[in-house]
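So you can see what is in the structure, the chains are spelled out below.
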Amino acid sequence: MIRARIQSIVWLLLLLAAAWALRAPYLGREQWNLDEASTFTMAQQIRDGSVLYRDAVDQRAPLVPYLKATVFAVAGDWNVRAVHLSLALLLGLVAFLLGDLARRFGERATGIAAALVFTVLSVVMVGSQDGLAAHTEWFVILFSTLGFWLFALVVRRGD
């Protein structure tokens, strides 16, 4: 039991490191992505005391601007690099959750493959303009994966 937990923690740390390492060369790179730019702007407006949907309007839900505002509160205003670093770590967490899902259902090798493939493809498959940007869809993937992981956890326990 303890050995399995240690292995899980080591695996999580390796995936976080891999996700960071693949994105690290691009953390300071300027790029244009409308979704990222609008949510960064809304996040900074939140930090400045503005109210979403009154002072800044967008068709997206408020979750991502508030998450980015939280990063800004910790790392400093307009700290795009910190948001991109946070995103890399969140995607490492997604890879871990994907792998853990398969492991929980008896498919350890499939879980390892899924985690590794997700980690690599999240950087190279969709292209730099969308793949490296901190846009809403990455956060949707995170919360969708986390939601299914929690659902599978309950189903496996029979709660």
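Let me sum up the structure you'll find in this document. Note that this is a predicted model, so its numbers are computed, not measured.

1. Focus: the packing of helix 4 (residues 80-104) against helix 5 (residues 108-124)
1) Next: One can describe the packing of helix 4 onto helix 5 by two numbers: an axis separation of 7 Å at closest approach and a directional angle of 160°. Relative to helix 5, the element helix 4 is oriented roughly antiparallel. When you trace helix 4 past helix 5, the crossing you get is right-handed. Where helix 4 abuts helix 5, its residues L91, V94, A95, L98, G99, A102 and R103 lie against R108, T110, G111, A115, F118, T119 and S122.
2) Next: The class makeup of the residues in the contact of helix 4 with helix 5 is seven nonpolar, five polar and two charged.

2. Remarks on the side chain of H84
1) Next: Within the secondary structure, H84 sits in helix 4.
2) Next: Discounting residues that sit within four places of it in the chain, H84 has contacts with L27, Q31, E36, F40, L132, A133 and A134.

3. Comments concerning the environment of Y53
1) Next: The topology assignment puts Y53 in the loop between helix 2 (34-47) and helix 3 (63-75).
2) Next: Note: C-alpha distance between Y53 and A17 (36 residues apart in sequence) is 37 Å.
3) Next: Ignoring sequence-local partners within four residues, the contact set of Y53 consists of D58, R60, A61 and P62.

4. Here's the deal with the packing of helix 3 against helix 4
1) Next: Contact pair helix 3 / helix 4: the axes reach a minimum separation of 9 Å and the direction vectors enclose 120°. Taken together, the axis directions place helix 3 and helix 4 in an arrangement best described as oblique. At the point where helix 3 passes helix 4, the crossing takes the right-handed sense. Here helix 3 contributes K68, V71, F72 and A75 to the contact with helix 4, which in turn contributes V80, A82, V83 and S86.
2) Next: Split by residue class, the contact of helix 3 with helix 4 holds six nonpolar, one polar and one charged.

5. A short note on the nonpolar core
1) Next: Core analysis: the largest hydrophobic core is formed by 29 residues, its most contacted members being V83, L87 and F118.
2) Next: Elements supplying a minimum of two residues to this core: helix 2, helix 3, helix 4, helix 5 and helix 7 (136-157).
3) Next: It is helix 4 that contributes the most residues to this core, nine residues altogether.
4) Next: With residues near it in sequence (within four places) discarded, F118 still touches L91, V94, A95, L98, W138 and I141.

6. Re the packing of aromatic side chains
1) Next: Taken as a whole and assessed by the stated rule, the structure comprises three aromatic pairs.
2) Next: With a centroid separation of 6.4 Å and 40° between ring planes, the pair formed by F72 and W78 is classed as tilted.
3) Next: Taking the relative accessible area as the measure of exposure, F72 reaches 0% and is therefore buried.
4) Next: Among the residues examined, W78 registers a relative accessible area of 45% and is labelled partly exposed.

7. A word on the environment of I6
1) Next: In this structure, I6 sits in helix 1 (residues 2-23).
2) Next: Given the relative accessible area of 49%, I6 is considered partly exposed.
3) Next: Distance from I6 to A69, taken between C-alpha atoms, is 33 Å for residues 63 residues apart in sequence.

8. Here's the deal with the side chain of D35
1) Next: Residue position: D35 is located in helix 2.
2) Next: For D35, the side chain forms a polar contact with the main-chain nitrogen of T136, separated by 2.9 Å.
3) Next: Beyond its immediate sequence surroundings of up to four residues, D35 is in contact with R60, H135, T136 and E137.

So, how was this worked out
Residues numbered from 1 in each chain as written. Predicted model: local features only at pLDDT ≥ 70, side-chain atom pairs only at ≥ 80, totals over all residues. Heavy atoms only, no water. Axes fitted to C-alpha atoms, helices over the stretch in contact; angles between N-to-C directions. Helix = DSSP H or I, 4+ residues; strand = E, 2+ residues; numbered from the N terminus. Parallel < 35°, antiparallel > 145°, perpendicular 65-115°, else oblique. Left-handed = near helix turned anticlockwise from the far one by under 90°. Contact = heavy atoms within 4.5 Å. Nonpolar A, V, L, I, M, F, W, Y, C, P; charged D, E, K, R; others polar. Core = buried A, V, L, I, M, F, W, Y, C linked by side-chain atoms within 4.5 Å. Buried < 20%, exposed > 50% of the residue type's maximum accessible area, 1.4 Å probe, protein only. Phe/Tyr/Trp six-rings, centres within 6.5 Å; stacked < 30°, edge-to-face > 60°. Polar contact = N/O pair within 3.5 Å; in protein donor to acceptor, adjacent residues only side chain to side chain.

This is a description of form; function is not addressed.
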